[in-house]
Amino acid sequence: MSTPAPDHVPGRAPDTGVAARARALTKAYGSGETAVLALDSVDVDIARGRFTAVMGPSGSGKSTLMHCLAGLDSVSAGQVWVGGTEITGLRERELTRLRRDRIGFMFQSFNLVPTLTAAENITLPMDIAGRRPDAKWLDEVIDRLGLRGRLSHRPAQLSGGQQQRVACARALASRPELIFADEPTGNLDSRAGLEVLGFLRDAVAELGRTVVMVTHDPGAAAHADLVLFLADGRIVDEMERPTADAVLERMKRFDVVRGRLGDDVTVLED
Ligand code: ADP
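Cut-offs and rules
- Residues numbered from 1 in each chain as written.
- Predicted model: local features only at pLDDT ≥ 70, side-chain atom pairs only at ≥ 80, totals over all residues.
- Heavy atoms only, no water.
- Buried < 20%, exposed > 50% of the residue type's maximum accessible area, 1.4 Å probe, protein only.
- Helix = DSSP H or I, 4+ residues; strand = E, 2+ residues; numbered from the N terminus.
- Pairing = 2+ DSSP bridges.
- Right-handed = clockwise from strand over helix to strand, strands pointing away.
- Near = heavy atom within 4 Å.
- Polar contact = N/O pair within 3.5 Å; in protein donor to acceptor, adjacent residues only side chain to side chain.
- Axes fitted to C-alpha atoms, helices over the stretch in contact; angles between N-to-C directions.
- Contact = heavy atoms within 4.5 Å.

Topic: the pairing of strand E8 (residues 210-214)
Side-chain direction in a regular strand flips from residue to residue, so the side chains alternate between the two faces of the sheet. Where burial is concerned, most of E8 is hidden: five out of the five residues are buried. On E8, burial covers both faces: Thr-210, Val-212 and Val-214 on one face and Val-211 and Met-213 on the other are all buried. In this sheet, E8 lies alongside strand E3 (residues 51-55) in parallel orientation, the contact comprising four bridges. The residue bridging Val-54 from the neighbouring strand is Val-214, located in E8. Pairing of strand E7 (residues 178-182) with E8, which is carried by five bridges, proceeds in the parallel orientation. Looking at the pairing, Ala-181 lines up with Met-213 of E8. Crossover E7 to E8 through helix H6 (residues 190-205) is right-handed.

Laid out in structure tokens, this is it:
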């Protein structure tokens with residue numbers, strides 16, 4: 001990897017716009033002696049039309065970073081933009097509208113409503129908002145995800161992989177520019193996980209979306225265009241065109257360096 005320019009912001013790509021960015025983003029939980037600094041003055045750009053993975057040991061701040069970038073959590077200090085809109089300081093109503101219109105979410109646990117069919121789950125956020133889905137777009141998403149024959153099934157009648165595909169369709173349904181996925185393969189076997197990662201790639205390469213995926217799995221991170229490495233609430237490294245082996249090596253090397261410096265040694269897994 002080449003040495004980045006001194007003014008380089010992690011995540012920035014020279015030839016794309018920026019779908020989201022944070023400057024001096026700080027997030028503390030609690031106060032006084034029990035305060036935890038989950039994010040420590042993070043600067044990051046999320047390049048538009050790319051697949052960015054966020055990796056790091058458990059507790060390094062991955063989920064907090066995602067939640068703050070997506071306007072799901074408030075920040076303690078610093079600024080966050082989605083596209084050209086600064087979201088830090090938006091009122092809750094405006095934030096809700098921005099999340100609804102411009103961001104799609106996927107979670108490790110699918111978060112489907114058990115009493116609704118796959119089709120109803122896919123359009124639920126839009127139904128709640130009183131917005132009509134773009135039928136042509138929705139058809140394309142459903143076909144790409146191979147859900148055509150499963151639309152009348154309820155979540156309990158679907159495999160884990162199929163449920164996550166429904167969640168992926170739900171994230172894409174409103175044509176959001178940005179999709180945030182928090183450990184989307186964490187509850188899936190490797191085959192279903194690969195399938196979901198393939199769909200996230202397609203969402204970027206063929207549907208022109210921007211995807212940010214939090215993961216602790218080097219194999220999953222290898223599907224991204226870029227991996228950002230987090231440790232102790234800071235972005236400490238990044239890797240273009242990652243492979244699973246290179247990501248794993250990076251994590252190991254990083255641990256060794258930290259150990260030698262006498263800091264707390266970071267563990268890879270819980
Ligand atoms: P990761 O996603 O990398 O596992 P998190 O972003 O979940 O890390 O957490 C970063 C740090 O912030 C951890 O030390 C965690 O314990 C702490 N943290 C996260 N959420 C909360 C919360 N709601 N209250 C208190 N501490 C929290």
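Things to note about the site of the ligand
In the region of the ligand, the neighbouring residues are Tyr-29, Val-36, Ala-38, Pro-57, Ser-58, Gly-59, Ser-60, Gly-61, Lys-62, Ser-63 and Thr-64. Contact distances for the ligand include 2.7 Å between an oxygen atom and a backbone N or O atom of Gly-59. At 2.9 Å, a backbone N or O of Ser-63 approaches an oxygen atom of the ligand. Here the element with the most residues in the shell around the ligand is helix H1 (residues 62-69); it accounts for three residues.

Quick look at unusual backbone geometry
Of note in the backbone geometry, Asp-232 takes a positive phi value of approximately 50° without being a glycine. Structurally, the position occupied by Asp-232 is in the loop between strand E9 (226-231) and strand E10 (234-240). The backbone phi angle of Arg-241 is positive, close to 40°, even though this residue is not glycine. If you trace the backbone, Arg-241 turns up in the loop between E10 and helix H8 (244-260).

Re the sheet that holds E8
With respect to topology, six strands assemble into an open sheet ordered E6-E7-E8-E3-E9-E10, the strand pairing being mixed. Of all strands in the sheet, those bounded by a partner on one side alone are strand E6 (103-107) and E10. Strand-to-strand twist of the sheet, defined as the mean angle between neighbouring strand axes without regard to direction, takes the value 20°. Contacts between H1 and the sheet are confined to E3, E7, E8 and E9, with E7 contributing the most and set at about 155° to the helix.

Everything listed here is a matter of geometry and, on its own, says nothing about what the molecule does.
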